[in-house]
Amino acid sequence: PIFKVPLEKDESFTAREDIIRDIEEKFKSKQSEPVALTGIGGIGKSHIAVEYCYRFKKRHPDSSVIWVYSGTTTRFNQEYKEIARQLELPGSADRSINNIVNLVRGWLSDNHGWLMVIDNADIEEGFLSSGEVKGSNKSLDQCIPRPYRGQILITSRNKKVANIMVEKADRIINVNPMSGEEAESLLQKKLPKGTDSGDIPDLARVLEKLPLAITQAAAYISKNELVSISDYLSMFRINDKQQAELLEEDAGARPGDDNAPRTVLDTWSLSFQQIRRTSPQAAGLLSLMCFLDPQKIPGFLLAGDVEFSHIIRDINPLIDFSFVSLVKEEDKKKKNFQMHHMVQVAMKRWLHLNAEFEEWQEKALKLVSKRFRSGEYENIKSWEERQILTPHIEKILSDEIEAKTEETDLMRASLMHNFSCFIWRQGQYKASLQRSQDSLKFRKERLKNHPELMLESKALIGLVLNSLGRYGEAVDVHRQVLERRKITLGDEHLDTLRSMNDLGQALRNQREFKKAEHMHRVAIEGRKRFLGMGAEDTLTSMNDLAGVLADLRDFSAAELMYRDVLELEEKMLGKEHPSTLTTREHLAEVLTEQKKYEEAEKAHREVLALYVMLFSKKKPGYPI
């Protein structure tokens, strides 16, 4: 018997006993059917296979163990030649691969109880739907004759290939990241003795419990005496670029296999290049996704302007290679995806090296901006979508944009402003103030030729200050914006009228009711002229004026105004719209002031019933 396994037994092999046990049980139930290990590169599939080989040899010392690396057709053919040589088969010196395959095939057919590992069976073209091994004119069945007289264990990063080779889904074992305990144990075994273990759990977590990444980190710390685990963590957390540099650190060749990728970035790069070659659309999706938050990436965002069903074929290769996975949702109609953050780091590094980073970063910005054209409430569906997009907006805005073009700056500035407005509408006033100030700063620095955009940012800052109760500051900001807009746009421009209304709201909060009333009346007249009676902005001004009239104790006039607004809002916006509900509440309050209690109670109950209905549907982040 021969023992052809290129890797030495890894004395630091950690746990994964559940997977080893699963392999044994599957072979015990059906000895003659292959078993496949699948999972993302660097997850430890080959290490598990090596461990199984050594345990198999210990139990069956008279059986042959044969390792075949199938990452490329050339390598597969070389492996068969080496098998023939080690088995000392007559004719093993023959140069014809077909003859060599026949020799090995004959031996496999004549002998039983052997174990063959087919490692890195990743390339679809290597094993076609018919199972043909290119270059040999032989199918997989012809390379390994049926019925199989031994055990065949396959490792593959590509689930599609694994499915072709094993034919039955229940013979596939998905290798997931290690448990926290396993990852910590592996780190302790790989690090020098005496290393402070206090930060090991944190390091295992940030490395996403991937064995190859853990091995790289341990090798780096071992080679640098001045670097502690705490130091490594601090460096790793600086930014994605720093993470990529650390993940490029060579873990060292595994004894016996100089050809294996030594870093997670290298192994993922190989997989990505394969996806790019066979499915450019899938590669494009992955390039976009690396700029989004890695958790819960919504399918509707990836689909863009088409139905989600149109991109299923494109996303499947990413799932096959374990780059992304489908998030389990109670609502089966929801399609959300997640990915390892380190895959994003690897992808960004690849895009940098291939001068494609700016292109895909801009595409991601454009994709999200298209879904976030406004921070204002439109309807429940659009509001929910923006709520779902929030972590992805935050991720995109946290990254430095490398494409320094005016188009990109305008797009980013618009997204910054719209997002600030959105979270203000949700009642996140402090966060909105910071975001809107950042937006103003960005526009001042990068868009000096667009003064109207700076005024837009200042106007939002005024609104947020008003919501925070900083009324004096709000009045000052709105006055500045109003005066500037009068000069640059004229008294009757819609933006000027908006500033009048904003100033009126701030003056009301300062209890300068007469000044506020004047501002709102001017805004209403202008908006009626240019937008019409039923326009949302006109209704907002009417609502604000009704509030001022109530403050002035003119409840009868306020009631009439609120009734006019409510009738128009129900018609134009619908009963469930936040503005409609707010108007009905205000009407109820004015009715109470006039001691019209029965009518006021009815209005309050109607509002309460609508809110109960809306929140029972779990509407997230309902606007304030």
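Residues numbered from 1 in each chain as written. Predicted model: local features only at pLDDT ≥ 70, side-chain atom pairs only at ≥ 80, totals over all residues. Heavy atoms only, no water.

*Asks:* I would appreciate a short explanation of the pairing of strand β4 (residues 115-119) in the present structure.
*Replies:* Note on strand geometry: in a regular strand, side chains alternate between the two faces of the sheet. Within β4, five of the five residues are buried, which leaves the element mostly enclosed by the surrounding structure. In β4, alternate side chains face the same way, and those of Leu115, Val117 and Asp119 on one face and Met116 and Ile118 on the other are all buried. Pairing of strand β3 (residues 65-69) with β4, which is carried by five bridges, proceeds in the parallel orientation. Directly across from Tyr69, in β4, lies its bridge partner Asp119. As judged from the four bridges shared by β4 and strand β7 (residues 151-156), these two strands associate in the parallel manner. Across the sheet, the residue bridging to Met116 is Ile152, located in β7. (Buried < 20%, exposed > 50% of the residue type's maximum accessible area, 1.4 Å probe, protein only. Helix = DSSP H or I, 4+ residues; strand = E, 2+ residues; numbered from the N terminus. Pairing = 2+ DSSP bridges.)

*Asks:* Help me understand a nonpolar patch on the surface, please; the structure alone is not making it clear to me.
*Replies:* There is a patch of nonpolar side chains on the surface, built from Leu494, Phe530 and Leu531 and spanning about 250 Å² of accessible area. Relative to the helices and strands, Leu494 resides in helix α23 (residues 494-509). (Patch = residues over 30% accessible without salt bridge, like charges linked within 9 Å, V, L, I, M, F, W, Y side chains within 5 Å. Areas by Shrake-Rupley, 256 points an atom, 1.4 Å probe, with all protein chains shown as cover. Salt bridge = Lys/Arg side-chain N within 4 Å of Asp/Glu carboxyl O.)

*Asks:* What is the right way to look at the sheet that holds strand β11 (residues 336-339) in this model?
*Replies:* Strands in a sheet are paired, the pairing made by backbone hydrogen bonds, and the direction either parallel or antiparallel. An order of β9-β11-β10 is seen for the three strands of this open sheet, with the pairing classed as antiparallel. Edge positions in the sheet fall to β9 (297-298) and β10 (324-326), since each has one partner strand and no second. Note: β10 against β11, three bridges, orientation antiparallel. Following the sheet pairing, Val324 is matched in β11 by Met339.

*Asks:* I keep staring at unusual backbone geometry and nothing clicks. Help me out?
*Replies:* Despite not being glycine, Glu88 has its phi angle at roughly 55 degrees, a positive value. Mapped onto the elements of the fold, Glu88 is located in the loop between α3 (73-86) and α4 (97-110). Look at Glu88 and you get exposed, because its relative accessible area is 67%. For Lys595, which is not a glycine, the phi torsion comes out positive at approximately 60 degrees. Looking at the secondary structure, you find Lys595 in the loop between α27 (578-593) and α28 (597-616). Of the residues examined, Lys595 reaches a relative accessible area of 62% and is grouped as exposed.

*Asks:* Please clarify how the packing of helix α21 (residues 451-467) against helix α22 (residues 471-489) should be interpreted in this entry.
*Replies:* For any two helices packed against each other, one specifies the crossing angle of their axes together with the interaxial distance. As a packed pair, α21 and α22 sit with axes 8 Å apart at the nearest point and diverge in direction by 155 degrees. One way to sum up the angle between α21 and α22 is to call them roughly antiparallel. Where α21 crosses over α22, the two elements pack in a sense that is left-handed. Facing α21, whose interface residues are Leu455, Glu456, Lys458, Ala459, Gly462, Leu463, Leu465 and Asn466, α22 presents Tyr471, Glu473, Ala474, Val477, His478, Gln480, Val481, Arg484, Arg485 and Thr488. Among the residues making up the contact of α21 with α22, the classes are represented as eight nonpolar, five polar and five charged. (Axes fitted to C-alpha atoms, helices over the stretch in contact; angles between N-to-C directions. Parallel < 35°, antiparallel > 145°, perpendicular 65-115°, else oblique. Left-handed = near helix turned anticlockwise from the far one by under 90°. Contact = heavy atoms within 4.5 Å. Nonpolar A, V, L, I, M, F, W, Y, C, P; charged D, E, K, R; others polar.)

*Asks:* What exactly am I supposed to notice about the environment of Asn77 here?
*Replies:* Looking at the element boundaries, Asn77 is found in helix α3. Along the sequence, Asn77 and Glu51 sit 26 residues apart, while their C-alpha atoms lie 25 Å from each other.

*Asks:* How should I be thinking about the pattern of salt bridges in this particular structure?
*Replies:* Where charged atoms of side chains with opposite charge meet at close range, the side chains can pair. This model, assessed by the stated rule, comprises 39 salt bridges. Put simply, Arg349 and Asp266 hold a salt bridge, and the shortest N to O gap is 3.8 Å. Of this pair, Arg349 sits in helix α16 (residues 341-353) while Asp266 is found in helix α12 (residues 264-278), placing the two residues 83 residues apart along the sequence. A relative accessible area of 17% means that Arg349 is categorised as buried. Residue Lys514 pairs with Glu517 through a salt bridge whose shortest N-O separation is 3.6 Å. With Lys514 and Glu517 both in helix α24 (residues 513-531), this residue pair falls three residues apart, about one helical turn. Residue classification places Glu517 among the buried residues on the basis of a relative accessible area of 13%. Here the residues in one salt-bridge network are Lys9, Glu17, Glu51 and Arg55, joined through shared partners.

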